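Here's the letter readout for the chains.
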Amino acid sequence: MNNKLQIFTNGFIKENPLLVLNIGLCSSLGVTTSVFNGLGMGLGMTFVLLMSEIVISIFRKLIPDAIRLPVFIIIIAAFTTIVQLVLQAYVTPLYDALGVFLPLIVVNCIIMGRVEAFASKNKPQDAILDALGMGIGYTLVLVLISLIREFFGAGSITIWSGISLNILPEDYRIGIFNSAPGGFMVFGFLAAIVMAFKQHAKGGNK
């Protein structure tokens, strides 16, 4: 039971794909200008990661090593296409907002890394826990970055396309948070906090 729990919670802090492993940063920082976009990207990534890990784990013993990477890409691309079509049909504003970052899920380092390092070597039930843990950890960080950037940069929180809660008066907004440097600043602060937390935890275990 403890092993299962560890697999599930690894993605929260210990092996968080963004703040600890530092992979998948480009698309993550590119879509976190609003909470709506960050949450949508996180859920889309989690779906693709979950379904890809399940399929690859089930067929892991049947996939030849020589062609495993092309097979992985095909599987990931199939589920990415499903996400694209569903968003385009039912959540068009989110589809338009994510733009090129949506199809780039296919080559996202987070998904490729997890299917190669974990799903291809473990049973489906463990792959499900890993995918959910990594997906939740990824989504939480995206939403947190989006929340900080949108609050200080735009003075609002977007709960749906075109529906925002205006909180911070315009005179108190910090425009840099709407730009790429602002995204890196927020990411850097959060990564430093996680690093400090981990160092503190190590010190407490001595």
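Focus on the overall build of the protein
When helices and strands are tallied, the protein shows eight helices and two strands. Secondary structure elements in the protein, listed N-terminal to C-terminal, are α-α-α-α-α-α-α-β-β-α. Computed over its C-alpha atoms, the radius of gyration of the protein comes to 18 Å, within 12% of the 17 Å expected for a compact globule of 206 residues. Judged by the C-alpha coordinates and their principal axes, the protein covers about 60 × 55 × 25 Å. Taken across its 206 residues, the protein has 42% of its residues classed as buried. A separation threshold of at least 6 residues defines the contact pool for the protein, and within that pool the share at least 24 residues apart is 73%. Total accessible area on the protein stands at roughly 10,800 Å², and carbon and sulfur atoms take up 70% of it.

Looking at the pattern of salt bridges
Pairing is possible between side chains that carry opposite charge, provided their charged atoms lie close to one another. In this structure the tally under the stated criterion is four salt bridges. For Lys 4, the salt bridge goes to Asp 126, with nearest N and O atoms at 2.5 Å. Of this pair, Lys 4 sits in helix α1 (residues 2-9) while Asp 126 sits in helix α7 (residues 124-154), and the two are 122 residues apart along the sequence. A single salt-bridge network, built from bridges that share partners, covers Glu 15, Arg 114 and Asp 130.

Some details on the pairing of strand β1 (residues 156-160)
As paired strands, β1 and strand β2 (residues 163-166) are joined by four bridges and run antiparallel to one another. Within β2, the residue paired with Ile 157 across the bridge is Leu 165. In sequence, β1 turns back onto β2 through a hairpin of two residues, with Gly 162 there showing a positive phi of about 85°.

With respect to the nonpolar core
If you look at the biggest cluster of nonpolar residues, it comprises 42 residues, and the most contacted ones within it are Met 41 and Ile 111. Elements represented by at least two residues in this core include exactly α2 (25-31), α3 (35-58), α4 (68-90), α5 (92-98), α6 (109-117), α7 and α8 (180-205). By residue number, the principal contributor to this core is α3, which donates eight residues. Not counting chain neighbours up to four residues away, the residues in contact with Met 41 comprise Ser 27, Val 31, Leu 98, Phe 101, Ile 105, Tyr 138 and Leu 142.

With respect to the side chain of Thr 46
Note that Thr 46 resides in helix α3. From its side chain, Thr 46 meets the backbone oxygen of Gly 135 in a polar contact 3.3 Å long. Side-chain polar atoms of Thr 46 contact the side chain of Thr 139, separated by 3.3 Å. When residues no more than four places from it in sequence are discounted, the contact partners of Thr 46 are Gly 135, Ile 136 and Thr 139.

Structural notes on the packing of α3 against α4
The geometry of α3 relative to α4 is characterised by a closest axis approach of 9 Å and an angle of 140° between their N-to-C directions. Our classification of the angle between α3 and α4 gives oblique. Judged by the sense of rotation from one axis to the other, the crossing of α3 with α4 is right-handed. Between α3 and α4, the contacting residues are Gly 44, Phe 47, Val 48, Met 51, Ser 52, Val 55 and Ile 56 on the first element and Phe 72, Ile 75, Ile 76, Phe 79, Thr 80, Ile 82 and Val 83 on the second.

Thresholds applied
- Along every chain, residues carry numbers that run from 1 in the direction the sequence is written.
- Local features in a predicted model are, by the rule used here, given only for residues with pLDDT of at least 70; side-chain atom pairs are given and counted only at 80 or more, and totals for whole chains, interfaces and linings are based on all residues.
- Hydrogens and water are ignored here; the side-chain numbers use all heavy atoms of the structure.
- Each helix is a run of H or I in the DSSP string that is no shorter than four residues. Each strand is a run of E no shorter than two, and both are numbered from the N terminus.
- Each radius of gyration is computed over the set of C-alpha atoms, and the globule rule expresses the reference value as 2.2 Å times the number of residues to the power 0.38.
- Any residue under 20% of the maximum accessible area for its type is buried, any over 50% is exposed, and the rest in between are partly exposed; the area is computed with a 1.4 Å probe on protein chains only.
- Note on contacts: a residue pair is in contact if any heavy atoms of the two residues lie within 4.5 Å.
- With residues, only the protein chains shown are counted as cover, and all accessible areas are computed by Shrake-Rupley using a 1.4 Å probe.
- We count a salt bridge whenever a side-chain nitrogen from Lys or Arg sits within 4 Å of a carboxyl oxygen from Asp or Glu.
- When DSSP finds two or more bridges between two strands, those strands count as paired.
- Working definition of a nonpolar core: buried Ala, Val, Leu, Ile, Met, Phe, Trp, Tyr and Cys residues. They are joined through side-chain atoms within 4.5 Å.
- Polar contacts here mean pairs of N or O atoms no more than 3.5 Å apart (in protein, one a potential hydrogen donor and the other a potential acceptor; neighbouring residues in sequence count only if both atoms are side-chain atoms).
- Only the contacting stretch of a helix is used when fitting its axis, a line to C-alpha atoms as for every element, and angles between N-to-C directions run 0 to 180 degrees.
- In what follows, roughly perpendicular refers to angles from 65 to 115 degrees, roughly parallel to angles under 35, roughly antiparallel to angles over 145, and oblique to any angle outside these ranges.
- Helix crossings are classified by the rotation of the near helix relative to the far one: an anticlockwise turn of less than a right angle makes the crossing left-handed, while a clockwise turn makes it right-handed.

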